[in-house]
Amino acid sequence: MAEIKVPVVRNILQANERLASENRRRFDKAGIFVVNLMSSPGAGKTSLLERTIDALAGRMNIAVIEGDLQSSYDAERIQKKGVQAVQINTDGGCHLDANMIQIALDSLDLAGVDLLIIENVGNLVCPAEFNLGEHEKIMILSVTEGDDKPIKYPLMFQICSVLLVNKIDLLPYTDCDLGKIRQSARQLNPAGKVFEISCRTGEGFAPWLSWIEDKVSEHRKNRAGAAASPHAGKH
Ligand code: MG
Ligand code: ZN
């Protein structure tokens, strides 16, 4: 049985890679910067989205894809912010895959969107293995989860280019050692960025917001370049 399981899993991942590349081409053509936001349940993904949208509203056009096991509660929270939001219910599935994103994209109007944030299902394990076509993988770790998480879930910390350490306002009430998180994160991903934030108070948000803004303007340039090309509209 074990000999069968490995190739099946590999085929699933290969099929997912093909669809992820298709998604990526679509995002690049439209000049949209896309992030895949991951964390365990309750680390603060939707709260991060709410505060980030509030801070960037008016400066860019944002859309959100919300992944959840059940319910449309999070998508409703995001829609209240006045941005496009689509809910994917995985019906118990513990991660999003590129095919789900392809289907969700049909429900979004991508024209003029600058930033698409995909909130993955709360899980530190298999979302790490499924590319969605995003440009950057980002994760949130809450200080209430403990400073041993990087060691226990190394793949997630290795593949994410940004680690947001959330709920730093609660640090005095935990035994969490921020230095230990920084050190493990650096060992697992030396090129990764670490931002320490509180989605509740807004502390530490400035560097995170400017990281997003820089990335968005990079990708906007691609779109502007494509529009200025003499071949634009001829294909
Ligand atoms: Mg959520
Ligand atoms: Zn899964």
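Keep in mind that this is a model prediction, so the values were computed, not measured. (Residues numbered from 1 in each chain as written. Chains lettered and ligands numbered in written order. Predicted model: local features only at pLDDT ≥ 70, side-chain atom pairs only at ≥ 80, totals over all residues. Heavy atoms only, no water.)

**Q** What's the story with unusual backbone geometry in this structure? I'm lost.
**A** Generally, phi is negative for residues other than glycine and the peptide bonds are trans, each holding for most cases. Positioned with a positive phi, Ser71 is a non-glycine residue whose angle comes to about 75°. If you trace the backbone, Ser71 turns up in the loop between strand S2 (62–68) and helix H3 (73–79). (Helix = DSSP H or I, 4+ residues; strand = E, 2+ residues; numbered from the N terminus.)

**Q** So what exactly am I meant to see when it comes to the coordination of the magnesium ion (ligand 1) here?
**A** Each donor-metal-donor angle would ideally measure 109.5 degrees in four-coordinate tetrahedral geometry, or 90 or 180 degrees in six-coordinate octahedral geometry. For the magnesium ion (ligand 1), the full set of protein donor atoms is Thr46 (OG1), Asp74 (OD) and Glu119 (OE), and the range of their distances to it is 2.0 to 2.1 Å. Mapped onto the sequence, the residues coordinating the magnesium ion (ligand 1) show the spacing T-x27-D-x44-E. On the criterion of sequence distance, the pair formed by Asp74 in helix H3 and Glu119 in strand S4 (residues 115–119) is long-range, its members being 45 residues apart. A residue is classified by how much of its surface remains accessible, and Asp74, at 10% relative accessible area, is buried. Residue Glu119 is classed as buried on the basis of its relative accessible area of 2%. (Donors = N, O, S within 2.8 Å, 3.2 Å for Na, K, Ca; no water. Buried < 20%, exposed > 50% of the residue type's maximum accessible area, 1.4 Å probe, protein only.)

**Q** How should I be thinking about the coordination of the zinc ion (ligand 2) in this particular structure?
**A** Ligation of the zinc ion (ligand 2) by protein atoms is provided by Cys94 (SG), His95 (ND1) and Cys126 (SG), these donors lying 2.0 to 2.2 Å from the ion. Read from N- to C-terminus, the donor residues coordinating the zinc ion (ligand 2) fall into the pattern C-H-x30-C. Note on Cys94: relative accessible area 34%, which makes it partly exposed. With a relative accessible area of 17%, His95 lands in the buried category.

**Q** I'm lost on helix H2 (residues 45–56) in this one. Help?
**A** Every α-helix winds through 3.6 residues per turn, so residues three or four apart in the chain are directed the same way. Between its first and last C-alpha atoms H2 spans 16 Å; for twelve residues at 1.5 Å apiece the expected length is 16 Å, and the two agree. Those residues of H2 lying buried are Lys45, Thr46, Leu48, Leu49, Glu50, Thr52, Ile53 and Leu56. (Expected span 1.5 Å × (residues − 1).)

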